[in-house]
Structures are given as structure tokens and as C-alpha cells.
Amino acid sequence: MTTTPAIETAGLTKRFGDFTAVQDVSLQIGPGEIFGFLGPNGAGKSTTIRCLLDLIRPSEGECRIVGLDSRRDAVEIRRHLGFLPSDLALYPNLTGRETLQFLANLRGGVDWAWVDALADRFDADLVKKVGELSSGNRQKVGLIQAFMNRPEVVILDEPITGLDPLVQLEFHTLMREHVADGNTVFLSSHTLSEVERVADRVGFIRRGHLIAVERMSDLLDKALRRVRLEFASPVPASAFDGVEGVHGVAVEGASVTAQYEGSMGPLLRVATAHDVLSLESSSVDLDEIFLEFYRDELTEAEAV
Ligand SMILES: Nc1ncnc2c1ncn2[C@@H]1O[C@H](COP(=O)(O)OP(=O)(O)OP(=O)(O)O)[C@@H](O)[C@H]1O
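For the protein chain, an unreviewed UniProt entry supplies the name ABC transporter ATP-binding protein and the organism Demequina lignilytica.

Encoded structure:
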């Protein structure tokens with residue numbers, strides 16, 4: 001049995017005049033997934049999202065949401081979709097509650113007890129006029145409207161901007177709960193570290209090309225980790241020569257720092273042949289992986 005993808009693009013290409021913003025992007029995202037869509041400024045993230053939502057028309061290729069065609073079934077798709085744009089524009093003179101009521105009237109089927117529960121969780125102020133809210137508090141109203149009709153597919157363009165860490169945590173919990181019910185979240189972002197705790201898979205887009213799609217767990221396995229070992233007496237760097245997965249060994253007195261990938265086992269076997277006093281292993285540096293994907297681009301940008 002095959003499952004209909006929640007979000008699908010096939011050969012999606014979008015040109016603006018002579019400029020190709022998105023080139024032949026094919027993606028399949030299943031129900032129950034949180035998908036991180038990553039890329040630097042101008043990579044084509046918003047253009048892809050705008051095609052998915054039928055806000056602009058693809059030059060070539062197709063987009064589907066829950067099996068429905070983004071162009072042909074645009075009206076029907078709205079019933080299945082929640083969306084938070086990167087440049088959220090709300091009526092400044094409406095309060096948060098009036099804004100949500102206005103949007104709920106357009107969509108129908110909104111459960112107000114659920115909206116109040118969301119507002120409570122995000123500690124959102126729905127009484128003040130939206131124009132008087134801080135940007136983070138305005139963003140909370142945007143998040144509530146994206147989830148308020150419990151849509152099967154939620155598309156969020158840079159949603160984390162401006163949210164404080166506590167709200168981010170609550171937002172992550174909400175996304176997890178949402179996909180646990182079989183729904184899907186598409187999360188666009190500039191950095192991997194922003195989505196590392198929630199995404200099941202991530203796609204990397206660069207200059208309009210989808211350059212990689214990876215499971216988050218595989219990326220974590222591939223990531224370099226740093227380790228610092230304190231020995232009772234100095235151990236030469238050469239002791240770690242040729243140890244599987246170990247790089248960048250540096251010795252300072254009786255301390256050794258190194259980077260490793262994959263299992264820590266080979267490194268530990270060599271270390272424990274000596275008298276180890278302590279060991280610290282730092283968390284995975286995900287931004288380093290992100291930079292790996294885009295390093296050429298950054299180098300070229302620096303050269304200009
Ligand atoms: N209407 C348009 N006309 C011409 N070029 C456009 C138009 N919309 C987007 N572009 C160009 O397409 C490219 C991709 O833009 P897009 O907004 O999709 O990038 P992004 O990955 O969302 O970037 P950011 O993270 O900065 O929001 C950019 O070079 C942008 O200038």
C-alpha cells in the first residue's frame with residue numbers, strides 16, 4: 001500500500017524573467033513528518049512555498065498538497081492547510097482575538113477552546129491591538145492562526161524568528177503533538193541548529209537546487225563531535241594516529257583535544273590504555289554541517 005504524500009513537488013521550476021529562482025525541485029514529504037527546509041538567503045525557500053500555496057505559478061512542474069493539485073484544487077487545499085508567511089501582515093487596529101476571529105470566519109470549523117488553549121500555551125496577548133504588540137508577540141498570533149483549524153499540513157516560513165527560548169520550546173512540543181496525530185509540518189529556516197530538535201528530515205536548497213535531503217538522525221551520526229581528555233601524565237598526539245574517525249588531535253600538557261565522527265569506541269580504546277582522569281564530549285556542531293553544504297557559496301560571496 002502506498003501513502004499519498006502530504007506535500008509533493010515534481011520537477012518544480014520557477015523563473016522570474018531570465019533568472020531561475022527554483023530549478024527542478026522534487027520533494028516528497030509524508031504524513032506524520034516534520035520537514036526542515038534549509039537554505040541561505042535567496043536560496044529559493046519562499047519561492048517554493050509560494051508555488052505550493054499557489055500564490056505564484058510554477059514555470060514548470062507540479063505541486064501537490066495531500067494529493068490535491070496546488071493550482072487546480074487551490075480552494076479545496078485551503079481547508080487542509082495552515083500557513084505562516086515570513087512577512088506576516090496583520091491589521092494593526094484589530095486585537096489578537098479579533099484577528100483570529102476574522103481568519104476563523106474565513107476558514108470555518110475553528111474550535112475556540114483549542115484557540116484559547118494555544119494562546120495560553122504561548123502566553124499570547126490577544127487583548128492588545130496587533131499594531132501595539134512586540135514582534136515576538138505578533139509572531140505568536142501568527143502561529144496560533146496557522147494551527148487553529150488543526151490542519152493536516154502546516155507550512156511555516158521562518159517561524160522561529162523573534163520567539164524567546166521558552167516559547168520556542170512550547171512551539172516544538174506543539175509541532176510534535178501535531179505530527180503525532182498524522183499531520184505534517186514544513187518548516188523553512190536559515191540554519192540547521194534552529195530545526196535540529198524537531199525535524200525528522202531536512203532538505204537543503206542552494207541557488208534554487210535541492211542539493212540534499214537527509215534524515216536528522218543520519219546527520220547527527222555524521223556530525224563531528226569534540227572531545228577533551230585529561231590524563232594523569234602527557235600522552236603524545238601520535239598515540240591517536242590512524243584511529244578510526246579521529247581528527248585534529250592537539251596536545252597541551254596532559255590534556256588532549258580531538259574531533260571524532262561516528263562511534264567514540266576507537267578513541268576510547270586508545271585513551272583508556274593510558275590513565276584517564278576526565279573526559280568531556282561537547283555537543284554536535286550542526287552549524288558546521290550546514291556550512292559544509294554552503295561553503296563554496298560563502299567562499300564565492302567573500303571573494304566578490
Ligand atoms: N517576484 C520576484 N521577481 C524576481 N526575482 C524574485 C522574485 N521573488 C524572488 N525572487 C528571487 O528569487 C530568489 C529566491 O528568493 P526566495 O525569496 O525564494 O529566497 P529564500 O530562500 O526564501 O530567501 P530568504 O531566506 O532570504 O527569505 C532570490 O534571488 C530572489 O531575489
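Caption draft 1: Seen up close, the overall build of the protein chain. Helices and strands together make up the secondary structure of the protein chain, namely 10 helices and 14 strands. When burial is assessed residue by residue, the protein chain has 46% of its 304 residues classed as buried. Across the protein chain, contacts joining residues at least 24 apart in sequence account for 68% of those joining residues at least 6 apart. For the protein chain, the computed accessible surface area is about 15,000 Å², with 49% contributed by carbon and sulfur atoms. Computed over 30 positive and 46 negative side-chain charges, the separation of the two mean positions in the protein chain equals 6 Å.

Caption draft 2: Broad picture of the site of the ligand. The ligand sits among 14 residues. The nearest are Gly-42, Lys-45, Ser-46, Thr-47 and His-190. Asn-41 is positioned such that a nitrogen or oxygen atom in its side chain is 2.9 Å from an oxygen atom of the ligand. The backbone of Gly-42 places a nitrogen or oxygen atom 2.7 Å from an oxygen atom of the ligand. Protein chains shield 62% of the accessible area of the ligand, which is 640 Å² for the free molecule. Elements supplying a minimum of two residues to the shell around the ligand: strand 2 (19-29) and helix 1 (45-52). Take the shell around the ligand: its biggest share by element is 4 residues, from helix 1. Here the residues of the shell around the ligand are counted per class, giving 5 nonpolar, 6 polar and 3 charged.

Caption draft 3: Looking closely at the layout of surface pockets. The space that makes up the largest pocket amounts to roughly 590 Å³. Surrounding the largest pocket, 22 residues form its lining, Phe-83, Leu-103, Leu-106, Arg-107 and Gln-145 being those nearest its centre. Elements with a minimum of two residues in the lining of the largest pocket: strand 6 (81-84) and helix 3 (96-107). With 5 residues, the single largest contributor to the lining of the largest pocket is helix 3. Here the second largest pocket defines a volume of roughly 210 Å³. Tallying contributions element by element places helix 10 (residues 286-303) first for the lining of the second largest pocket, with 4 residues.

Caption draft 4: The pairing of strand 4 (residues 60-65), seen in detail. Alignment of strand 1 (residues 7-16) against strand 4, held across 5 bridges, turns out to be antiparallel. Each bridged residue has a counterpart across the sheet, and for Glu-8 the counterpart in strand 4 is Arg-64. One ladder, built from 2 bridges, connects strand 4 with strand 5 (residues 68-69); its direction is antiparallel. Bridged to Arg-64 within strand 5 is Asp-69.

Caption draft 5: Structural detail: the nonpolar core. Membership of the largest hydrophobic core comes to 48 residues, with the highest contact counts inside it found for Leu-156, Phe-171 and Leu-192. Other than its neighbours up to four places away in sequence, Leu-156 contacts Leu-84, Leu-143, Ala-146, Phe-147, Phe-171, Met-175, Val-185, Phe-186, Leu-187 and Ser-188. Counting residues in each nonpolar core, the second largest holds 25 residues, with Leu-27, Cys-63, Leu-68 and Phe-83 among its members.

Caption draft 6: Seen up close, the packing of helix 4 (residues 112-122) against helix 6 (residues 165-180). Packing of helix 4 against helix 6 brings their axes to within 9 Å, and their N-to-C directions diverge by 145°. For the pair formed by helix 4 and helix 6, the contact residues are Trp-114, Leu-118, Arg-121 and Phe-122 on the first element and Val-167, Glu-170, Phe-171, Thr-173, Leu-174 and Glu-177 on the second. The residue inventory of the contact of helix 4 with helix 6, partitioned by class, reads 6 nonpolar, 1 polar and 3 charged.

Caption draft 7: The arrangement of the domain arrangement of the protein chain in detail. Taken as a whole, the protein chain is organised into domain 1 (7-215) and domain 2 (224-283). Of note, the centres of domain 1 and domain 2, computed from C-alpha atoms alone, are 43 Å apart.

How each quantity is defined
- Residues numbered from 1 in each chain as written.
- Predicted model: local features only at pLDDT ≥ 70, side-chain atom pairs only at ≥ 80, totals over all residues.
- Heavy atoms only, no water.
- Helix = DSSP H or I, 4+ residues; strand = E, 2+ residues; numbered from the N terminus.
- Buried < 20%, exposed > 50% of the residue type's maximum accessible area, 1.4 Å probe, protein only.
- Contact = heavy atoms within 4.5 Å.
- Areas by Shrake-Rupley, 256 points an atom, 1.4 Å probe, with all protein chains shown as cover.
- Lys, Arg positive; Asp, Glu negative; His and termini not counted.
- Charge placed at Lys NZ, Arg CZ, Asp CG, Glu CD.
- Near = heavy atom within 4 Å.
- Polar contact = N/O pair within 3.5 Å; in protein donor to acceptor, adjacent residues only side chain to side chain.
- Nonpolar A, V, L, I, M, F, W, Y, C, P; charged D, E, K, R; others polar.
- 1 Å grid on protein atoms, 1.4 Å probe; cavity = no way out; pocket = protein on both sides within 12 Å on 5 of 7 lines; lining within 4 Å.
- Points joined across faces, edges and corners; volume = space filled by probe spheres on them.
- Pairing = 2+ DSSP bridges.
- Core = buried A, V, L, I, M, F, W, Y, C linked by side-chain atoms within 4.5 Å.
- Axes fitted to C-alpha atoms, helices over the stretch in contact; angles between N-to-C directions.
- Domains from an automatic or database assignment.

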